[in-house]
Amino acid sequence: MRLTLRALISHGRVARRMGLGPESRINMLRNILTGLVRHERIETTWARADEVQFYAEKLIDYAKRGDTDEKAMQMANFWLTEKDLLPKLFKVLAPRFENQSKAYTYMARLPNRENLDRAAMAVLEYKGNPFPPLFPAKRENELTLINQLLKGYREERAQLSGSKP
Amino acid sequence: MACRTACQMLQRRLASSAATSARLSSAELRSRRSSLFSEEQARQRALYPRIEKIEVQMQGPGLQGTLLVMNKGLSTPHSCARHLSEWHLESAVLALVDGEAWPLHKPLTRSCALTLLTFKDTNPLLANQAYWRSCAALLGQVLQNAFKDDFTVELLKTPEVPVTSGAFCCDVVLDPQLDSWTPAEEALHSLTRDAQQLIHRDLPWEPLEVAPPVALDIFAHSRCKQTEVEELAAHSTSGTVNIYRCGDHVTLSGGPLVARTGLCMQYEVTALHSLGQGAWGLHRRVQGLSLPQQLQAHHTVWRKLRKRAMKLVEVTPSSANLTAELPSESSHLQDPALPIHQ
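Since the model is a prediction, treat every value here as computed from it, not as a measurement. (Residues numbered from 1 in each chain as written. Chains lettered and ligands numbered in written order. Predicted model: local features only at pLDDT ≥ 70, side-chain atom pairs only at ≥ 80, totals over all residues. Heavy atoms only, no water.)

**Focus on the overall build of chain B**
Of the regular secondary structure elements, chain B holds 11 helices and 12 strands. Taking the intrachain contacts of chain B between residues at least 6 apart in sequence as the baseline, contacts between residues at least 24 apart amount to 68%. When the accessible surface of chain B is split by element, carbon and sulfur atoms take 55% of a total near 17200 Å². (Helix = DSSP H or I, 4+ residues; strand = E, 2+ residues; numbered from the N terminus. Contact = heavy atoms within 4.5 Å. Areas by Shrake-Rupley, 256 points an atom, 1.4 Å probe, with all protein chains shown as cover.)

**What about the interface of chain A and chain B?**
Each partner contributes to the interface: chain A provides 19 residues, whereas chain B provides 29 residues. For the pair chain A and chain B, the summed buried area comes to about 2100 Å², and 64% of that belongs to carbon and sulfur atoms. Considering only the surface of chain A that becomes buried against chain B, Leu143, Leu145 and Leu149 of chain A emerge as the three largest contributors, covering 32% of it. For the pair chain A and chain B, the number of links is 2 salt bridges. The shortest N-O distance in the salt bridge between Glu156 of chain A and Lys311 of chain B comes to 2.5 Å. At the boundary of chain A with chain B, the tally comes to 5 residue pairs in polar contact (both at pLDDT 80 or more). (Buried area = accessible area lost by both parts, 1.4 Å probe. Salt bridge = Lys/Arg side-chain N within 4 Å of Asp/Glu carboxyl O. Polar contact = N/O pair within 3.5 Å; in protein donor to acceptor, adjacent residues only side chain to side chain.)

**Overview of a nonpolar patch on the surface**
All names here are of chain A. On the surface, Leu5, Leu8 and Ile9 cluster together into a nonpolar patch covering about 320 Å² of accessible area. By the secondary structure assignment, Ile9 is in the segment before helix 1 (22-39). According to the relative accessible area criterion, Ile9 is partly exposed, its value standing at 33%. (Patch = residues over 30% accessible without salt bridge, like charges linked within 9 Å, V, L, I, M, F, W, Y side chains within 5 Å. Buried < 20%, exposed > 50% of the residue type's maximum accessible area, 1.4 Å probe, protein only.)

**Some remarks on the packing of helix 5 (residues 145-163) of chain A against helix 9 (residues 299-309) of chain B**
Orientation of helix 5 of chain A relative to helix 9 of chain B, taken along the N-to-C sense of each, is 65°, at an axis distance of 10 Å. Helix 9 of chain B is crossed by helix 5 of chain A, and the crossing has left-handed handedness. For the pair helix 5 of chain A and helix 9 of chain B, the contacting residues are Leu149, Leu150, Gly152, Tyr153 and Glu156 of chain A in the first and Val301, Lys304, Leu305 and Arg308 of chain B in the second. Split by residue class, the contact of helix 5 of chain A with helix 9 of chain B holds 5 nonpolar, 1 polar and 3 charged. (Axes fitted to C-alpha atoms, helices over the stretch in contact; angles between N-to-C directions. Left-handed = near helix turned anticlockwise from the far one by under 90°. Nonpolar A, V, L, I, M, F, W, Y, C, P; charged D, E, K, R; others polar.)

**Examining the sheet that holds strand 4 (residues 100-102) of chain B**
All names here are of chain B. Strands sit in the order 2-1-5-3-4 across an open sheet of 5 strands; the sheet is mixed. Edge strands, defined here as strands with exactly one partner in the open sheet, are strand 2 (67-71) and strand 4. For this sheet, the mean inter-axis angle between neighbouring strands, taken without regard to orientation, is 35°. (Pairing = 2+ DSSP bridges.)

**Examining the confidence of the model for chain B**
Residue and element names in this part refer to chain B. Residues of chain B with pLDDT of at least 70 account for 86%, and the chain-wide mean is 84. Every residue in residues 14-21 is under pLDDT 50, and counting partners more than four places away or in other chains gives 1 contact. The low-confidence segment residues 319-342 (pLDDT under 50) makes 27 contacts with residues lying over four places distant or belonging to another chain. The ipTM, which scores confidence in the relative placement of chains, is 0.80 for this predicted complex, and the corresponding pTM is 0.74. (pLDDT = per-residue confidence, 0-100.)

**Some remarks on the state of the cysteines**
All names here are of chain B. In the structure shown here, the tally under the stated rule is 0 disulfides over all chains. For Cys80, which is in no disulfide, the shortest distance to another cysteine sulfur is to Cys112 and amounts to 7.4 Å. Residue Cys170 stays outside any disulfide, its sulfur separated by 8.6 Å from that of Cys169, the closest cysteine. Residue Cys170 is classed as buried on the basis of its relative accessible area of 2%. (Disulfide = S-S within 2.5 Å.)

**A look at the side chain of Ser75 of chain B**
Residues and elements named next belong to chain B. For Ser75, the location among the structural elements is in the loop between strand 2 and helix 3 (77-84). The class of Ser75 is buried, set by a relative accessible area of 8%. Only 2.8 Å separates the side chain of Ser75 from the backbone nitrogen of Asn71, close enough to count as a polar contact. Once residues within four sequence positions are removed from consideration, Ser75 is found in contact with Met70, Lys106, Pro107 and Leu108.

**Some words on the packing of helix 2 (residues 46-63) of chain A against helix 3 (residues 70-79) of chain A**
Residues and elements named next belong to chain A. Between helix 2 and helix 3, whose axes approach to 9 Å, the crossing angle comes to 145°. As for how helix 2 packs across helix 3, the hand of that crossing is left-handed. Listed contacts from helix 3 to Tyr55, Leu59 and Tyr62 of helix 2 are Lys71, Ala72, Met75, Ala76 and Trp79. Its residues assigned to classes, the contact of helix 2 with helix 3 shows 7 nonpolar, no polar and 1 charged.

**Observations regarding a positive patch on the surface**
Together, Arg157 and Lys164 of chain A together with Lys304 and Lys307 of chain B make up a positively charged patch on the protein surface. Positionally, Lys307 of chain B belongs in helix 9. We classify Lys307 of chain B as exposed; its relative accessible area is 61%. (Lys, Arg positive; Asp, Glu negative; His and termini not counted. Charge placed at Lys NZ, Arg CZ, Asp CG, Glu CD.)

**Focus: the sheet that holds strand 12 (residues 282-292) of chain B**
Residues and elements named next belong to chain B. If you walk across this open sheet you meet the 4 strands as 6-7-12-11, and the pairing is antiparallel. Bordering the open sheet on either side are strand 6 (153-155) and strand 11 (264-277), each of which pairs with just one other strand. Taken over all neighbouring pairs, the strand axes of this sheet differ in orientation by 30° on average, direction set aside. Sheet topology places strand 7 (residues 168-174) next to strand 12; 6 bridges connect them, and they run antiparallel. Residue pairing across strands places Phe168 opposite Gly288, the latter belonging to strand 12.

**Points about the pattern of salt bridges**
Counted according to the given criterion, the structure contains 26 salt bridges over all chains. Of the charged contacts in the structure, one is a salt bridge between Glu51 of chain A and Arg16 of chain A, with a shortest N-O distance of 2.7 Å. A residue pair is termed long-range when its members are at least 10 positions apart, and Glu51 of chain A in helix 2 and Arg16 of chain A in the segment before helix 1 qualify at 35 residues. Given a relative accessible area of 27%, Arg16 of chain A falls into the partly exposed group. A salt bridge links Arg43 of chain B to Glu40 of chain B; the nearest nitrogen and oxygen atoms lie 2.9 Å apart. Taken together, the residues span about one helical turn, with Arg43 of chain B and Glu40 of chain B both in helix 2 (residues 26-45) at a distance of 3 residues.

**Details of the environment of Tyr48 of chain B**
Residues and elements named next belong to chain B. Inspection of the secondary structure assignment puts Tyr48 in the loop between helix 2 and strand 1 (53-59). You can call Tyr48 partly exposed: its relative accessible area is 30%. Each C-alpha atom, one on Tyr48 and one on Thr109, is 9.8 Å from the other, the two residues being 61 residues apart in sequence. If near-sequence neighbours (up to four positions away) are discounted, Tyr48 is found in contact with Lys72, Gly73 and Thr109.

Structure below.
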């Protein structure tokens with residue numbers, strides 16, 4: 001005999017519930033996505049950034065179709081609430097990602113918000129933005145002892161291979 | 001009568017010269033040098049009978065504004081590091097006192113600005129050179145004590161080699177009976193094991209700045225060392241000579257050595273080459289390779305570097321003046337013609 005109600009248990013349900021309902025969720029994501037297209041790097045709660053990442057990448061896929069495409073223009077028109085960003089989307093962001101097929105965004109976690117809710121925060125950005133990188137490339141120090149020895153080793157190898165043929 | 005006294009005087013003089021050149025066993029020689037070193041060290045320490053305070057300004061990442069009040073003539077950069085933290089103690093290799101390279105166990109004599117150098121700084125050139133010099137000094141110590149008393153070992157001036165040459169060298173002149181001896185693999189292995197025992201004992205290199213007559217007295221039984229003392233005294237700005245003691249072995253050095261033998265981790269004596277007849281006999285060059293504890297290499301990398309360290313290292317006259325030319329060395333390293341590898 002089934003004692004539990006399937007509707008009240010959310011095991012395995014992947015869809016998130018945000019705001020007042022599904023329409024409110026879409027409106028919220030629309031606002032966040034508009035902010036992302038305008039500023040190219042934004043900071044929100046982790047759950048919202050995770051949701052927006054999917055829509056942000058889908059929007060770029062639509063924008064790649066070009067602004068003459070009817071469906072693409074309708075989508076962009078719906079998702080961007082500030083209409084001055086439509087040219088930016090089609091003329092700046094779409095050409096930037098024409099050689100990539102999938103990953104157009106980075107998401108990195110931040111320290112939790114200082115408020116009472118201690119919400120998990122994240123920063124979401126489009127790649128190729130003008131800000132300093134989120135994950136700076138750490139170059140190894142060329143002058144440490146082991147790197148100096150390896151440098152001498154490589155130079156000698158290059159010298160020997162250069163003089164051989 | 002006068003002839004007999006003259007004969008007696010001559011005999012006595014010959015006897016005294018024979019006594020000075022009489023071969024002391026290596027243990028006696030070591031203990032003599034060590035005791036003279038300790039006497040000189042005690043004498044220098046007694047120059048500061050009352051404790052006077054000096055202010056040491058610490059510089060370095062995370063240490064700005066730290067002011068330490070230390071004792072004049074007694075506190076060393078090592079004791080300053082002990083006031084900071086264990087990490088500073090473990091990683092400090094050399095100290096920079098007012099921009100001058102200062103061995104870690106040398107007492108501070110005036111208020112100054114102190115920086116502790118490590119192997120992982122943005123500019124570890126001084127630390128690297130000091131480490132190379134110390135490894136060569138360690139090799140010299142091992143060679144001095146490796147042979148039986150029947151064979152003399154004369155350590156020549158350690159050539160200053162840049163780190164990129166792949167190996168540090170120690171020039172040595174062995175007994176003429178060993179002129180035809182070439183060491184087998186096992187001999188080099190046993191030298192390596194001696195060196196690693198010294199490393200395991202973690203002995204500090206105690207520095208001492210002495211006047212040339214004292215140094216000449218310490219190295220009284222070695223004509224070669226005495227010429228080196230005179231050379232160093234002539235080249236140094238203050239006319240003094242720097243000697244270092246590790247365990248009971250006293251050695252000369254042209255520049256500062258690192259703090260202690262325990263800093264070396266991987267150490268191997270790689271090769272012995274004959275350089276031909278020189279001023280003191282058949283000159284031999286013993287080469288080795290070493291890496292510190294903080295920069296260990298994977299065994300594949302170590303094997304490749306070791307194979308390179310077996311080749312003879314040529315000492316060019318320009319590399320002999322390395323300590324004076326460090327700025328030009330750094331500009332050579334950033335030569336745009338050389339490819340920079342990640």
